[in-house]
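Summary of structural features
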Amino acid sequence: MPLAKLLVAALVVGLSADAPVSAPEEPVAPPVDARPVVALPIVELASPHQDDRPATATIDAIVIHDTETPGVTEARTIVNWFQHPRSFVSAHYIIGKRGELVQCVPDER
């Protein structure tokens, strides 16, 4: 980049041509305990399609499925399918497009 363009860029951001240019400061994250705790209301609507988790099983991952079903705007629509006798599907939680949170399977299962 030509020097004239660099000088213009420096002046635009409020620097003089003689001012030393330093690297931007790294953002500092607030301490973990400083973040607010938000309690979301969770509606429990059980799915009949669930099994017991083996006693020796450990949770080592979170799987997030995204459903982009046309016309579905409410979590309740997905719950209705989970509760249908022929679906044979379930999930622990559903987060609706409007932010509603539904638990279909207890965490320990």
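Scroll up for the structure.
A few points on the structure. (Residues numbered from 1 in each chain as written. Predicted model: local features only at pLDDT ≥ 70, side-chain atom pairs only at ≥ 80, totals over all residues. Heavy atoms only, no water.)

This paragraph deals with the sheet that holds strand 1 (residues 42-44). Spatially, 1-3-2 is the arrangement adopted by the 3 strands of the open sheet, whose pairing is mixed. The two strands at the open ends of the sheet, each matched to only one other strand, are strand 1 and strand 2 (93-95). Here the average twist between neighbouring strands, direction ignored, is 25 degrees. Strands in contact with helix 2 (residues 75-83) are strand 2 and strand 3 (101-103); relative to strand 2, the strand with the most contacts, it is inclined by about 150 degrees. (Pairing = 2+ DSSP bridges. Helix = DSSP H or I, 4+ residues; strand = E, 2+ residues; numbered from the N terminus. Axes fitted to C-alpha atoms, helices over the stretch in contact; angles between N-to-C directions. Contact = heavy atoms within 4.5 Å.)

Turning to the nonpolar core, a few remarks are in order. Counting residues in each nonpolar core, the largest one holds 9 residues, listed as V72, A75, I78, V79, F82, I94, V102, C104 and V105. A per-element tally of this core places helix 2 first, with 4 residues. With sequence-adjacent residues up to four places away left out, I78 is seen in contact with T67, V72 and I94. (Core = buried A, V, L, I, M, F, W, Y, C linked by side-chain atoms within 4.5 Å. Buried < 20%, exposed > 50% of the residue type's maximum accessible area, 1.4 Å probe, protein only.)

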